[in-house]
2 protein chains.
Amino acid sequence: MDSKKDIFRSVRGRDDFESVLYHLAETFRVLGDLTRVRILMALTGSEMRVRDLAEALDLTDSAVSHQLRILRNSRLVKFRKEGKNVVYSISDDHVATIFREGIEHVEGM
Amino acid sequence: MDSKKDIFRSVRGRDDFESVLYHLAETFRVLGDLTRVRILMALTGSEMRVRDLAEALDLTDSAVSHQLRILRNSRLVKFRKEGKNVVYSISDDHVATIFREGIEHVEGM
DNA sequence: CCCACTATTGAATAATTGTTCATATGAACG
DNA sequence: CGTTCATATGAACAATTATTCAATAGTGGG
């Protein structure tokens with residue numbers, strides 16, 4: 001059980017340390033695009049179909065689909081098929097927490 | 001006072017909503033680079049000079065300095081001058097929290 | 001079956017970005 | 001001062017990437 005202060009020390013000691021950092025950077029890189037942030041923010045409200053996202057965010061279906069694939073690959077969103085639709089949603093709580101902290105960080109800039 | 005679930009709704013309602021999302025994406029974009037992640041991770045251990053970072057991470061001084069400027073601009077690190085040295089450190093707790101959640105997200109990938 | 005609707009994919013293009021190298025600034029010190 | 005050490009900066013290059021457009025595939029209704 002790590003104290004909040006010690007988690008970094010324990011991570012630093014792992015033998016796959018650099019691999020963790022690589023995946024971490026990769027995850028942030030995926031989050032670091034306005035379109036993907038807008039998609040994720042929309043999904044914090046409720047799950048949505050590709051078409052709904054495209055319409056709500058004023059993007060082409062193609063652009064949304066491309067970005068959703070990237071978000072899927074980083075396990076930031078999950079999806080299920082429903083007839084001819086595909087419904088996407090935020091994959092887990094970490095994403096929401098990261099978003100919350102990120103918002104608090106940028107508040108007052 | 002927002003409940004954890006409502007923060008997104010309250011952010012979505014703000015008139016500078018898109019601006020918040022822009023800065024949020026910008027912050028993640030800055031975090032989304034392996035070199036910068038390595039620098040920040042090193043700084044979670046203790047504050048460091050530019051030279052120390054360069055040596056510890058096997059980078060040129062120039063590369064580190066360039067990246068530190070980017071991190072500074074996003075207020076992810078702060079610094080103070082000490083003679084001819086400049087000592088950098090993590091700017092606030094949000095950064096550490098975002099890192100922690102990010103690490104938990106990538107665990108098991 | 002066709003047709004409309006939804007989603008995905010691949011190629012091409014335009015734009016962004018991290019590193020290197022060379023140079024500049026500035027501080028301490030003999 | 002002149003030299004050394006630490007940091008910052010600017011330009012150039014290579015590499016990555018988001019979007020658009022065109023095409024493909026799968027679903028369900030009439």
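Everything below is about the structure printed above this text.
Our subject in this report is the structure included herewith. Bear in mind that the values here come from a model prediction, so they are computed numbers and not experimental data. (Residues numbered from 1 in each chain as written. Chains lettered and ligands numbered in written order. Predicted model: local features only at pLDDT ≥ 70, side-chain atom pairs only at ≥ 80, totals over all residues. Heavy atoms only, no water.)

All names here are of chain A. Strand order in the open sheet made by the three strands is β1-β3-β2, with antiparallel pairing throughout. Looking at the sheet topology across the chains shown, the edges are occupied by β1 (48-49) and β2 (77-82). Relative to strand β3 (residues 85-90), β1 is paired through two bridges, and the arrangement is antiparallel. Counterpart to Met48 in the pairing with β3 is Tyr88. Against the sheet, helix α3 (residues 34-45) engages β1, β2 and β3, with an angle of about 90° to β3. (Pairing = 2+ DSSP bridges. Helix = DSSP H or I, 4+ residues; strand = E, 2+ residues; numbered from the N terminus. Contact = heavy atoms within 4.5 Å. Axes fitted to C-alpha atoms, helices over the stretch in contact; angles between N-to-C directions.)

With that settled, consider the protein's contact with DNA strand C. Inspection of the region around DNA strand C gives 24 residues, with Arg51(A), Ser62(A), Thr35(B), Arg36(B) and Gln67(B) positioned closest. In DNA strand C, the atoms that sit within 4 Å of the protein are 71% sugar and phosphate, with bases accounting for the remainder. Taking Arg51(A), its main chain carries an N or O atom lying 2.5 Å from a phosphate oxygen of DNA strand C. Arg29(B) is positioned with one of its side-chain polar atoms (N or O) 2.9 Å from a phosphate oxygen of DNA strand C. A total of six residues in the surface near DNA strand C trace back to one element, the largest contributor, which is helix α5 (residues 61-73) of chain A. Broken down by class, the residue content of the surface near DNA strand C amounts to five nonpolar, 10 polar and nine charged. (Near = heavy atom within 4 Å. Polar contact = N/O pair within 3.5 Å; in protein donor to acceptor, adjacent residues only side chain to side chain. Nonpolar A, V, L, I, M, F, W, Y, C, P; charged D, E, K, R; others polar.)

The next subject is the relation of the copies chain B and chain A. The transformation that overlays chain B on chain A combines an axial shift of 0.0 Å with a rotation of 180°, and the residual RMSD is 0.0 Å. Taken together, the rotation and translation describe the operation of a two-fold axis. A high fraction, 100%, of the interface residues of chain B reappear at the interface in chain A, so the copies pair face to face through one surface. (Least-squares fit on C-alpha atoms with pLDDT ≥ 70 in both.)

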